[in-house]
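The residues making up each chain are set out below.
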Amino acid sequence: MNIENNSSVMEFTLMGLTDQPELRLPLFFLFLVNNIVTVVGNLSLINLIFLNSHLHTPMYFFLFNLSFIDLCYSFVCTPKLLMGFVLEKNIISFTGCMTQLFFFCFFVNSECYVLTAMAYDRYVAICQPLQYTAIISPRTCSLLMCGSYLMGFAGAMLHTGCMIRLIFCDSNIINHYMCDILPLLQLSCSNTYVNELLSSVVVDTIIIVSSLIIFISYALILFNIIHMSSARASSKAISTCGSHIMTVGLFYGSGILTYVKPSSASSVGQGKFFSVFYTLVVPMLNPLIYSLRNKDVKLALNRALKRNKLRGQRMEPGNSSSVTEFILMGLTKQPDLQLPLFFLFLVMYMATVLGNLGLLTLIGLNSHLHTPMYFFLFNLSFIDLCYSSVFSPKMLVNFISKKNVISYRGCMTQLYFFSFFSIAECYVLTAMAYDRYVAICSPLLYNAAMTPRVCCNLMLGSYFMAFSGAMAHTGCMLRLTFCDANTVNHYFCDILPVMQLSCTSTYINELEVFIVVGINITVPSVTIFLSYGFILYSILHICSTEGRSKAFSTCSSHIIAVALFFGSGAFMYLKPSSAGSVNEGKISSVFYTNTVPLMNPLIYSLRNNDVKLALRETLSQRKF
């Protein structure tokens, strides 16, 4: 799975910013200090916005994302730049170079659109202040950020995809301190016409679209400022806009000087110095020009310093809540349904445990099932087994007890593991779709593509995404305060019903849920959709009716499980939270918390000849 294309070049040498030896040490310390200031400044700003509820507004939401991008952005190029100053030969592998190029393009493109969203936010705040909360709603903010990251991802994929298909022969010295587009193009021994055209089109589109929106926003802002009667209001508006205009000018100006011109040796040399501004200077300046001059941020900083003195009193995950336990309402309040539902869900839970344990045992004991498909199925069954055990016991207790109590710690623990296993299942289902795509569309390359290392990396990636999502959900929930209300309108501690009990602002939590759940549904859904699009195309071109039928049979089971799991998850989370939506979500959650883990052993294995054969072999071995 290494990124290699047909090049004979396996690694590149980065020339660095300068080849003058006497400048290397001073520049090393200069850019080291720059990087430390950038990291500390942006991390501090992220923490301040996250920890202070009065900063949970659209303006600071965009600033939070900008700081996050700048933080990640600085780590893409700065380490290699610093290494170039202290090493005689700064080497980067082909795969490392393409990875650096991808993330560089992703964060640069994303920052362009985040700056554009910030300009639009200022336009609405100044030109339409009475409609600000209605226009710049949490959903609008989330959509603007999702759109920014999606455009960043699309641009990065185009640049990197076109670069990977180029051939690099002998020359491997990059005239830059990082793997940038133009210096890489000059090393290729194949035709770069398509790459130059694509680079020009993508960069011009990003700059023109975002610049045009920013220009129109500020033209309307200027028109409104001129017509303001209050000199104080005009001064405040100009002060707010001045910081943003400085950053936009610096970022876009250096970007235009670097990219919007023909590529040549001299232009690459000039671009290397211009790129210092938007890769190193702008990420360092953003915390200063956007926040340190801001009264809200100064107030938040003072509060954070005061809270720091009381840190020893806040080590337990009880935050400042007066609530120490919650009462779970359960699935229904009707007494005549309690006992029948108890036995129904008890049978479902037992069937889920036995089915998934049986499948785990079969795959573990039978060597002919040690293939990528069953490796993913093994992980899926393990997740379903753990997943169902997170909430089923409490759900069953609720049917037979008058008052189902769970401690604050227990509730947060249940929320964490529920989030972890549900997100992990999203990505395992995605990995299974990719596995089916390779098996059907590229059967001759299947063993080369789906190596044990690739399978392990896919699973590690799935669990890492699950860990990140679960930490984000639980971390945001821990910082809420719960006063008197402690009755959770659900049969387990889920995000939305617990959030509704808080007596503090849940604005940042709702944004976090929309973003994290949106990413964890959109990314896997798009991957699965594309995989099955290619699978369907391949199936339609299969001549054998038997082969076509077998392929359809394999895919149909997975599609049913995916539709049930993702559909119920999207229905529950991707909408505003309210009492009505929680009641609907409580019913729909039964599908992905109880039904899907029960069905997976059936739809993936019991109809499968390999599993039936393994079951017969296992049973026959027991006789001896």
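As the structure is a prediction and not an experimental result, all values here were calculated from the model.

Reading guide: rules and limits
- Residues numbered from 1 in each chain as written.
- Predicted model: local features only at pLDDT ≥ 70, side-chain atom pairs only at ≥ 80, totals over all residues.
- Heavy atoms only, no water.
- Pairing = 2+ DSSP bridges.
- Helix = DSSP H or I, 4+ residues; strand = E, 2+ residues; numbered from the N terminus.
- Contact = heavy atoms within 4.5 Å.
- Axes fitted to C-alpha atoms, helices over the stretch in contact; angles between N-to-C directions.
- Disulfide = S-S within 2.5 Å.
- Core = buried A, V, L, I, M, F, W, Y, C linked by side-chain atoms within 4.5 Å.
- Buried < 20%, exposed > 50% of the residue type's maximum accessible area, 1.4 Å probe, protein only.
- Phe/Tyr/Trp six-rings, centres within 6.5 Å; stacked < 30°, edge-to-face > 60°.
- Parallel < 35°, antiparallel > 145°, perpendicular 65-115°, else oblique.
- Left-handed = near helix turned anticlockwise from the far one by under 90°.
- Nonpolar A, V, L, I, M, F, W, Y, C, P; charged D, E, K, R; others polar.
- Salt bridge = Lys/Arg side-chain N within 4 Å of Asp/Glu carboxyl O.
- Patch = residues over 30% accessible without salt bridge, like charges linked within 9 Å, V, L, I, M, F, W, Y side chains within 5 Å.
- Areas by Shrake-Rupley, 256 points an atom, 1.4 Å probe, with all protein chains shown as cover.
- Polar contact = N/O pair within 3.5 Å; in protein donor to acceptor, adjacent residues only side chain to side chain.
- Expected span 1.5 Å × (residues − 1).
- Bend = angle between axes of the 7 residues up to and from the residue.
- pLDDT = per-residue confidence, 0-100.

Draft legend 1. Molecular detail of the sheet that holds strand β1 (residues 11–14). An order of β2-β1-β3 is seen for the three strands of this open sheet, with the pairing classed as mixed. The open sheet has two edge strands with one neighbour each: β2 (90–93) and β3 (173–174). Bridge count for β1 against β3 is two bridges, and the pairing is parallel. By the bridge assignment, threonine 13 is partnered in β3 with isoleucine 173. In this fold helix α3 (residues 94–127) packs onto β1, β2 and β3, with an angle of close to 85 degrees to the strand it touches most, β2.

Draft legend 2. Broad picture of the state of the cysteines. Evaluated as defined, the whole model comprises four disulfides. Each disulfide pairs two cysteine sulfurs, and for cysteine 97 the partner residue is cysteine 179, the sulfurs being separated by 2.0 Å. Its S-S torsion of approximately -125 degrees makes the covalent link between cysteine 97 and cysteine 179 left-handed. Highlighted residues: cysteine 97 in helix α3 and cysteine 179 in the loop between β3 and α6 (181–185), separated in sequence by 82 residues. Cysteine 411 shares a disulfide with cysteine 493; S-S distance 2.0 Å. Handedness here is read from the sign of the S-S torsion; for cysteine 411 and cysteine 493, about -120 degrees, the answer is left-handed.

Draft legend 3. Representation of the nonpolar core within the structure. Counting 90 residues, the largest nonpolar core has Phe12, Phe31, Met163, Leu184 and Phe251 as its most contacted members. Once residues lying within four places of it in the same chain are set aside, the contact partners of phenylalanine 251 are Tyr73, Val108, Glu111, Cys112, Leu115, Tyr278 and Val282. With 82 residues, the next largest nonpolar core counts Leu396, Cys411, Phe482 and Phe565 among its residues.

Draft legend 4. A look at the side chain of threonine 192. Its place among the elements puts threonine 192 in the loop between α6 and α7 (193–226). With near-sequence residues (within four places) excluded, threonine 192 lies in contact with Leu166 and Leu185.

Draft legend 5. Layout of the packing of aromatic side chains. If you walk through the whole model with that rule in mind, you get 32 aromatic pairs. Taking the centre distance of 5.4 Å and the plane angle of 85 degrees together, the rings of phenylalanine 12 and phenylalanine 168 count as edge-to-face. Placement of phenylalanine 12 in strand β1 and of phenylalanine 168 in the loop between α5 (138–164) and β3 is noted, with a sequence separation of 156 residues between them. A relative accessible area of 0% places phenylalanine 12 in the buried class. Of the residues examined, phenylalanine 168 reaches a relative accessible area of 0% and is grouped as buried. Members of the aromatic cluster, each reached through a chain of ring pairs, are Phe102, Phe103, Phe106, Phe107, Tyr149 and Phe153.

Draft legend 6. Structural view of the pairing of β2. Only one face of β2 is covered, namely the face carrying Asn90 and Ile92; the face carrying Ile91 and Ser93 is uncovered. Pairing of β1 with β2 involves four bridges; the strand directions are antiparallel. Following the sheet pairing, glutamate 11 is matched in β2 by serine 93.

Draft legend 7. View of the packing of α3 against α7. The contact between α3 and α7 brings their axes to 9 Å, and the two run at 20 degrees. Classified by the angle between their axes, α3 and α7 sit roughly parallel to one another. Here the hand of the crossing between α3 and α7 comes out left-handed. Between α3, through Asn109, Cys112, Tyr113, Leu115, Thr116, Ala119, Tyr120, Arg122, Tyr123, Ile126 and Cys127, and α7, the contact on the second element is made entirely by Ile206, Ser210, Ile213, Ile214, Ser217, Tyr218, Leu220, Ile221 and Asn224. A breakdown of the residues in the contact of α3 with α7 according to their chemical character gives 14 nonpolar, five polar and one charged.

Draft legend 8. Just the pattern of salt bridges, in detail. Scanning the entire structure with this criterion turns up two salt bridges. Note that arginine 122 and aspartate 121 form a salt bridge whose closest N and O atoms lie 2.9 Å from each other. Both residues of the pair, arginine 122 and aspartate 121, belong to the buried class. Put simply, aspartate 435 and arginine 436 hold a salt bridge, and the shortest N to O gap is 2.8 Å.

Draft legend 9. Quick look at a nonpolar patch on the surface. A cluster of nonpolar residues, Tyr193, Val194, Leu197 and Val201, forms a patch on the protein surface that exposes about 390 Å² of accessible area. Along the polypeptide, valine 194 turns up in helix α7. Accessibility expressed as a relative area gives 45% for valine 194, which makes it partly exposed.

Draft legend 10. Spotlight on the side chain of serine 74. Inspection of the secondary structure puts serine 74 in helix α2 (residues 58–86). A distance of 2.8 Å separates the side chain of serine 74 from the backbone oxygen of leucine 71, its partner in a polar contact. Discounting chain neighbours no more than four positions away, the residues touching serine 74 are Asn35, Thr38, Val39 and Pro79.

Draft legend 11. Representation of the sheet that holds strand β6 (residues 487–488) within the structure. Judged by pairing direction, the sheet is mixed, and its three strands sit side by side in the order β5-β4-β6 without closing on themselves. The open sheet has two edge strands with one neighbour each: β5 (404–407) and β6. Of the strands in this sheet, β4 (325–328) and β5 are in contact with helix α12 (residues 372–400), which crosses β5 at around 145 degrees. Contacting β4 and β5, helix α13 (residues 408–441) crosses the sheet at an angle of about 85 degrees to β5.

Draft legend 12. Summary view of α3. Along its 34 residues, α3 runs 50 Å from first to last C-alpha, staying within 8% of the 50 Å computed at 1.5 Å per residue. Within α3, 28 of the 34 residues are buried, leaving the element largely enclosed by the surrounding structure.

Draft legend 13. Inspection of helix α1 (residues 21–51) at higher detail. Helix length check: α1, at 31 residues, gives a terminal C-alpha distance of 45 Å against a target of 45 Å (1.5 Å per residue), a fit within 8%. At leucine 27, α1 shows its largest kink, close to 25 degrees. Of all the residues in α1, the buried ones are Leu27, Phe28, Phe31, Asn34, Asn35, Thr38, Val39, Asn42, Leu45, Ile46, Leu48 and Ile49.

Draft legend 14. The arrangement of the confidence of the model for the protein in detail. Within the protein, residue pLDDT values average 80, and 86% of them lie at 70 or more. Confidence drops under pLDDT 50 across residues 310–318; counting only partners more than four residues distant or on other chains, this segment forms six contacts.

Draft legend 15. Focus on the environment of aspartate 170. Structurally, aspartate 170 is set in the loop between α5 and β3. Taking the C-alpha atoms as reference points, aspartate 170 and valine 9, separated by 161 residues in sequence, lie 6.5 Å from one another.

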